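In case you want the letters, here they are:
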Amino acid sequence: MDNIRKELIDSSERVVIKIGSTVLASRQGINQMMIDSLAEEISGIKKEVVIVSSGAIAAGMGRLSLKDRPKEIRLKQAVAAVGQSRLMWAYEKSFETYGKKVAQVLLTREDLSDRRRYLYAKNTLETLIEFGVIPVINENDTVAVDEIRFGDNDTLAVMVTNLLQADLLLILSDVDGLCTSDPRSDSNAKLIDIITDITPQIERIAGESSTIEGTGGMFSKVQAAKKAAQMGVATAIINGTRPGSLRDFFESREVGTFFATGKDRLSLRKHWIAYTLKSKGTLTIDEGAKRAILKGGKSLLPSGITSIEGKFGVGDAVSCQDESRKKIVKGIVNYSSEDLNKIKGMKSSEIEKTLGYKYDDEVIHRDNMVIL
Ligand code: GLU
């Protein structure tokens, strides 16, 4: 088993390292010593490194002497603005000691949902990497409201892995990894060294051992590993607060939990459709269409659609459900909700007559569709 770990780590060229709030900040604010020690270890990694860092809100709380994490959105946004510059200052100082340059990149989910902005972000990040600069990415909390949020930085880190085609995702947390049960309540809990298949049981264990601090907890980390696996990318969860853990990891010593998964590989584009795009509506499809899609690998035609929920435009992502409301696929539509309401149930040959134009026979082409 350990050979798999070593093989996947050694063969990786580009790694996304997600650093959680609990690793680098406490209620008092940023822990500069921790960032120093991480910067030293990261500077020693002989691979292209991209950092996804949380900690803006925690750092802002420290600066503004707030005792409790703000709940109201406008407070969170303001606190994050104060904290983000404090956070970057800490990274600047620490990395400079090791002769490395860093750059701040703030993203919202909308930036990565729009194909053009996705490509702009990609080009900028690729250019930074060419310069030998380490990008430090965070969610643009100051403008992010719930509808456009990534949710948590574990999710953001997966999207960055997709954006940059990284081949390893490393999640630094304040726990050692995923245990067989919750170590806080079970003294027999053992750290799981390697996971080759993310089974429902693994997901259940993760759900039960979420930490209180931070946004995501273990559940969102395992979900991130699962999504990364669908790109053929291995993920590791390791304890970032333990000095030397990054060095040990890259020397393939047994630290943390390693997810050596990735059999069912989705193309980068399909992965982007499945996980980065937000669904703007739902189409209910009949049994015939469901069979044609799942068994025959076919596109979705208007004739198979029985009802439409939501308001969406051409090029938006929607989910398709069967008549028992089970989600089947997600894909990009060729027609707006308004037009689909007029052509649902019709044969493709009737589209032009009804709408006065025809973009395509298919409502969702199979190349723009992912099975869920
Ligand atoms: N963007 C948030 C921050 O910097 C953190 C989100 C998360 O940790 O998931 O405070």
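Residues numbered from 1 in each chain as written. Predicted model: local features only at pLDDT ≥ 70, side-chain atom pairs only at ≥ 80, totals over all residues. Heavy atoms only, no water.

1. Considerations on the nonpolar core
Grouped together as the largest cluster of nonpolar side chains are 48 residues, with contacts concentrated most on Val-16, Leu-112, Ile-137, Val-160, Leu-169 and Leu-178. Broken down by secondary-structure element, the contributors of at least two residues to this core are strand S4 (48-53), strand S5 (102-107), helix H7 (115-130), helix H8 (153-163), strand S7 (168-173), helix H9 (200-208), helix H10 (217-229) and helix H12 (268-276). A per-element tally of this core places H8 first, with six residues. In this structure, Ile-42, Val-49, Val-102 and Leu-246 belong to the second largest nonpolar core, which totals 39 residues. (Core = buried A, V, L, I, M, F, W, Y, C linked by side-chain atoms within 4.5 Å. Buried < 20%, exposed > 50% of the residue type's maximum accessible area, 1.4 Å probe, protein only. Helix = DSSP H or I, 4+ residues; strand = E, 2+ residues; numbered from the N terminus.)

2. Observations concerning unusual backbone geometry
For Ser-65, which is not glycine, the phi dihedral falls at a positive 50°. Note that Ser-65 resides in the loop between helix H4 (56-63) and helix H5 (73-97). Overall, Ser-65 belongs to the exposed group, its relative accessible area being 63%.

3. Topic: the packing of aromatic side chains
Overall, the coordinates contain five aromatic pairs when judged by the stated rule. Look at Tyr-335 and Tyr-357: their rings are 6.0 Å apart centre to centre, the planes differ by 45°, and that puts the pair in the tilted class. Of this pair, Tyr-335 sits in the loop between strand S14 (327-332) and helix H14 (337-343) while Tyr-357 sits in the loop between helix H15 (351-355) and strand S15 (369-371); the two residues are 22 residues apart in sequence, bridging distant segments of the chain. What links up through ring pairs into an aromatic cluster is the set Phe-249, Phe-250 and Phe-258. Its end group placed over the ring of Trp-89, Lys-93 keeps NZ or CZ at 4.0 Å from the ring centre. Cation over ring: Arg-115 sits above Trp-272, and NZ or CZ is 4.3 Å from the ring centre. (Phe/Tyr/Trp six-rings, centres within 6.5 Å; stacked < 30°, edge-to-face > 60°. Lys NZ or Arg CZ within 6 Å of the ring centre and 35° of its normal.)

4. Observations regarding the site of the ligand
By nearness alone, nine residues border the ligand, and Ser-54, Ala-56, Asn-138, Asp-141 and Asn-153 come closest of all. The separation between an oxygen atom of the ligand and a polar side-chain atom of Ser-54 is 2.9 Å. Within the contact set of the ligand, an oxygen atom lies 3.0 Å away from a backbone nitrogen or oxygen of Ile-57. Within the complex, the protein chains bury 97% of what would otherwise be the 300 Å² of accessible surface of the ligand. (Near = heavy atom within 4 Å. Polar contact = N/O pair within 3.5 Å; in protein donor to acceptor, adjacent residues only side chain to side chain. Areas by Shrake-Rupley, 256 points an atom, 1.4 Å probe, with all protein chains shown as cover.)

5. Notes on the environment of Ile-45
Assignment of secondary structure puts Ile-45 in the loop between helix H3 (32-43) and S4. Taking the C-alpha atoms as reference points, Ile-45 and Leu-355, 310 residues apart in sequence, are found 58 Å from one another.

6. A closer look at the sheet that holds strand S10 (residues 257-259)
If you trace the eight strands from one edge of the open sheet to the other, you get S5-S6-S4-S1-S7-S9-S10-S8, paired in mixed fashion. Edge strands, defined here as strands with exactly one partner in the open sheet, are S5 and strand S8 (194-195). Here S5 runs beside strand S6 (residues 134-139); their pairing, made up of six bridges, is parallel. Bridge assignment links Val-102 to a residue of S6, and that residue is Ile-134. (Pairing = 2+ DSSP bridges.)

7. Regarding a nonpolar patch on the surface
The grouping of Leu-64, Leu-66 and Val-82 at the surface amounts to a nonpolar patch, some 200 Å² of accessible area in total. On the secondary structure map, Leu-66 appears in the loop between H4 and H5. Take Leu-66: its relative accessible area is 31%, and that puts it in the partly exposed class. (Patch = residues over 30% accessible without salt bridge, like charges linked within 9 Å, V, L, I, M, F, W, Y side chains within 5 Å. Salt bridge = Lys/Arg side-chain N within 4 Å of Asp/Glu carboxyl O.)

8. Quick notes on the pairing of strand S1 (residues 14-19)
The element S1 is largely enclosed, with a buried count of six among its six residues. Side chains of S1 alternate between two faces, with Arg-14, Val-16 and Lys-18 and Val-15, Ile-17 and Ile-19 buried alike. As judged from the five bridges shared by S1 and S7, these two strands associate in the parallel manner. If you follow Val-16 over to S7, its bridge partner there is Leu-169.

9. With respect to the pattern of salt bridges
Once their charged atoms are close, side chains differing in charge can pair, the charge on each being opposite to the other. Tallied over the full model, the rule gives 18 salt bridges. Of the charged contacts, one joins Lys-280 and Asp-316 as a salt bridge, the two residues approaching to 3.7 Å between their closest N and O atoms. One end of the pair, Lys-280, is in strand S11 (residues 279-285); the other, Asp-316, is in the loop between strand S12 (305-309) and strand S13 (317-321), and 36 residues separate them in sequence. When its relative accessible area of 45% is taken as the criterion, Lys-280 is described as partly exposed. Asp-361 is the salt-bridge partner of Lys-358, the closest N and O atoms lying 2.6 Å from each other. Judged by relative accessible area, Lys-358 falls into the partly exposed class, the value being 36%.

10. Some words on the confidence of the model for the protein chain
Averaged over every residue, the pLDDT of the protein chain is 90; the share at 70 or more is 95%. Every residue in residues 211-215 scores below 50 in pLDDT, and together they form 12 contacts with partners more than four places removed in sequence or on other chains. (pLDDT = per-residue confidence, 0-100. Contact = heavy atoms within 4.5 Å.)

11. Side note on H5
Under the 1.5 Å per step criterion, the end-to-end length of H5 is 36 Å for 25 residues, consistent within 8% with the ideal 36 Å. For H5, every residue scored as buried is listed here: Gln-77, Val-79, Ala-80, Gly-83, Gln-84, Arg-86, Leu-87, Met-88, Ala-90, Tyr-91, Ser-94 and Phe-95. At the C-terminal side of H5, Gly-99 shows a positive phi close to 70°. (Expected span 1.5 Å × (residues − 1).)

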